[in-house]
Amino acid sequence: MTMPAPGIDAPRRGRPPARNEILRGDRLGGLDPADLAARYGTPFHVYDLDVIERQVETLRAALPPIVEIAYAVKANPALAVVAHLGALGLGADVASGGELATARRAGIPAERIVVTGPGKRDAELRDAVAAGVRAITVESPGELDRLEAIASAAGRRVPVLLRASVGMADGLERVRLVGDDGAGKFGMDEPDLRAAARTAARSSHLELLGIHRFGASNVLDASRLAAHVAETVQLARAVAGHAGVELRLVDAGGGLGIPYEPHEESLDVAGFGRRLASLADGWAATPGLRDLRLLLEPGRWLVGAAGAYVARVVDRKRVGEAEVAILDGGVHHLVRPALVGQEHRVRILGASARTARSWPVTIAGPLCSGLDIFAANARLPAPAVGDLVAVLDTGAYGFTESMPLFLSHPIPAEIAIRGGRSALIRPRMEPAEWLDRQLLPAW
Ligand SMILES: Cc1ncc(COP(=O)(O)O)c(C=O)c1O
């Protein structure tokens, strides 16, 4: 009989429904982790595309028709993941030339791609203009000038959004609604935003569609997210009115959160959708807002829970009160826990999970760094050498945000699961492969 892995609750009356995530029972996307490990080697990153598809369906069902969804490629740029989301009809939010190339290779039409992010180089702007993307979000007056020159040289009229810094809302209380604004690095303050709107409105090479404004990451409160959207539309309306253009598109960014720790509750997506529907009813009755479209760029919410990082225990010892298990992979493949101090759920897979007693267990990677720890003194069944350990919720900002060259361990494979089948989507790389690409100067 298959027992649920520790920490996975058997369904009980009155309990919330099981989360849509890759680990179900002690299987990953319905497959035996030991089989995946035997086939692809450890460590590996794995993504369940069926989980992603259910997230898309849930989000689509919740949101009113005014909303378009562009997947934030930065969350997980694996080509197979982006192609899957593109095939489901989503657009893409890209933040570099490489991400634009990824979205295009994934088959996402240019008219569903928006380009956002500080520090766009001229070549990146030229590529976006040539591709004919849905909109380019402009982050500064200087970038607007460069884009206009590029659009003019290309003989194109380029659709633009202007990015507002967070914490700014024309005519509203200046509150930072949903958290950190990146210490002022993103977007423009009100005077620059208004001046840029006038410049864009006057230009025959730019078509000002509206405003982009990202609130904060990983927000679990539906009412705060909806308030951010409402405030952004008000600001956009004022700026568009000031520039004398009709407001057609507001991009309110991403930020839809997922629960990483057991005490956190899932975002009420249905409630978020209801709030947006009620806002949309109001906009439909407001002069100047009748043709408004709203763009959301979720990343984490779509792919986060679809991913797991799996590594094997290579050593086990007792240090102080804790049983310590050392894995063949660590924070060089998943830096998020060390980088943002975010605890991810850790699960022991296989026999030890069912039989071993729970102890204070430390699960650590092989790096010569005290930061390389996934669980410190956590109450878990103590895993044996050879056991597999899964770190959960790694589908977003997981492998892509890691530092795989540190300590020259093999770079893990990425695997996709769909309909009960697994496929390699990025092969494991051995150190010899990047040694071969290095040069010894002959001086
Ligand atoms: C401009 C922009 N859009 C969308 C996202 C995606 O955010 P999330 O994955 O939190 O939904 C980000 C994340 O940093 C972003 O900077």
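Predicted model only: the values in this text are computed from it and were never measured.

When helices and strands are tallied, the chain shows 13 helices and 19 strands. When the backbone C-alpha atoms are referred to their principal axes, the chain occupies close to 70 × 70 × 40 Å. With 443 residues in all, the chain has 47% of them scored as buried. In the chain, the proportion of contacts linking residues at least 24 apart, taken out of those at least 6 apart, comes to 72%.

Once that is clear, we can look at the pairing of strand 9 (residues 206-212). Two faces make up the sheet, and in a regular strand the side chains alternate between them. Of all seven residues that make up strand 9, six are buried, and the element is covered over most of its length. Direction of pairing for strand 8 (residues 158-163) relative to strand 9: parallel, over a ladder of six bridges. Directly across from Leu-162, in strand 9, lies its bridge partner Ile-211. Bridging between strand 9 and strand 10 (residues 249-251) involves three bridges; their strand directions are parallel. Looking across to strand 10, one finds that Gly-210 is bridged to Leu-249. Handedness of the crossover is the feature at issue here: the chain leaves strand 9, passes through helix 8 (residues 222-243), returns alongside strand 10, and the resulting connection is right-handed.

Now for unusual backbone geometry. Along the chain, Thr-42 connects to Pro-43 via a cis peptide bond; the corresponding omega equals -10°. Phi at Asn-218 is positive, roughly 55°, even though this residue is not glycine. Assignment of secondary structure puts Asn-218 in the loop between strand 9 and helix 8. In the Ramachandran plot, Leu-407 falls in the positive-phi region, its phi being about 75° despite a non-glycine side chain. Along the chain, the position of Leu-407 falls in the loop between strand 17 (388-392) and strand 18 (413-418). On the neighbour-count criterion, Leu-407 (15 C-beta atoms within 10 Å) is partly exposed.

Accessible area lost upon the coming together of the parts serves often as the stated size of an interface. The assigned domain composition of the chain is domain 1 (23-47 + 304-435) and domain 2 (117-296). Taking the mean C-alpha position of each, domain 1 and domain 2 sit 37 Å from one another. Taken together, the contacts link seven residues of domain 1 with four residues of domain 2. Here the residues of the side of domain 1 that touches domain 2 sort into one nonpolar, three polar and three charged.

A word on the environment of Val-391. Residue placement: Val-391 occurs in strand 17. For the pair formed by Val-391 and Arg-357, sequence separation is 34 residues and the distance between their alpha carbons is 20 Å. When neighbours within four sequence positions are excluded, Val-391 is seen to be in contact with Ala-308, Tyr-309, Leu-334, His-344, Val-346 and Phe-374.

Overall, parallel pairing links the eight strands, which are arranged 4-5-6-7-8-9-10-11 in a closed barrel. Between one strand axis and the next, the sheet turns by 30° as a mean value, whatever way the strands run. As judged from the three bridges shared by strand 5 (residues 91-94) and strand 6 (residues 113-115), these two strands associate in the parallel manner. In the strand pairing of strand 6, Asp-93 is matched with Val-114.

What follows concerns helix 1 (residues 33-40). Buried residues of helix 1: Pro-33, Leu-36 and Tyr-40, and no others. Buried positions in helix 1, seen along its axis, are confined to an arc of 60° and lie on one side of it. The outward face of helix 1, more than 90 degrees from its buried face, is lined by the exposed residues Asp-35 and Ala-38. Where helix 1 ends, the next residue or the one after it, Gly-41, has phi of about 80°, a positive value.

The subject of this paragraph is the nonpolar core. Within the largest apolar cluster, 125 residues are counted, with the highest numbers of intra-cluster contacts made by Val-46, Val-160, Leu-162, Ala-308 and Val-389. Per element, the largest residue contribution to this core is eleven residues, and it comes from helix 8. Residue-level mapping places this core at the junction of two domains, with at least three residues from each of domain 1 (23-47 + 304-435) and domain 2 (117-296). Among all residues touching Val-46, those that are not within four sequence positions of it are Ile-22, Leu-28, Leu-36, Gly-307, Ala-308, Val-310, Ile-415 and Ile-417.

A separate point is the packing of helix 5 (residues 122-131) against helix 6 (residues 141-154). The description of two packed helices rests on the angle between their axes and on the distance between the axes. Orientation of helix 5 relative to helix 6, taken along the N-to-C sense of each, is 50°, at an axis distance of 10 Å. What the angle tells us is that helix 5 and helix 6 run oblique. Of the two elements, helix 5 crosses helix 6, and the hand of that crossing is right-handed. Contacts between helix 5 and helix 6 involve Asp-122, Leu-125, Arg-126, Val-129 and Ala-130 on the former and, on the latter, Arg-146, Leu-147, Ile-150, Ala-151 and Ala-154. Considering only residue class, the contact of helix 5 with helix 6 consists of seven nonpolar, no polar and three charged.

Here we take up the environment of Lys-120. The residue Lys-120 is located in the loop between strand 6 and helix 5 in this model. Assessed through the 23 C-beta atoms surrounding it within 10 Å, Lys-120 is described here as buried. The spacing of Lys-120 and Ser-96 is 24 residues in sequence and 7.0 Å in space, taken between C-alpha atoms. Every residue in contact with Lys-120, bar those within four places of it in the chain, is listed here: Leu-125 and Glu-143.

Cut-offs used in this document
- Residues numbered from 1 in each chain as written.
- Predicted model: local features only at pLDDT ≥ 70, side-chain atom pairs only at ≥ 80, totals over all residues.
- Helix = DSSP H or I, 4+ residues; strand = E, 2+ residues; numbered from the N terminus.
- Buried ≥ 20, exposed ≤ 12 C-beta atoms within 10 Å, placed from the backbone.
- Contact = placed C-beta atoms within 7 Å.
- Pairing = 2+ DSSP bridges.
- Right-handed = clockwise from strand over helix to strand, strands pointing away.
- Domains from an automatic or database assignment.
- Nonpolar A, V, L, I, M, F, W, Y, C, P; charged D, E, K, R; others polar.
- Axes fitted to C-alpha atoms, helices over the stretch in contact; angles between N-to-C directions.
- Arc of directions from axis to C-beta.
- Core = buried A, V, L, I, M, F, W, Y, C linked by C-beta atoms within 7 Å.
- Parallel < 35°, antiparallel > 145°, perpendicular 65-115°, else oblique.
- Left-handed = near helix turned anticlockwise from the far one by under 90°.

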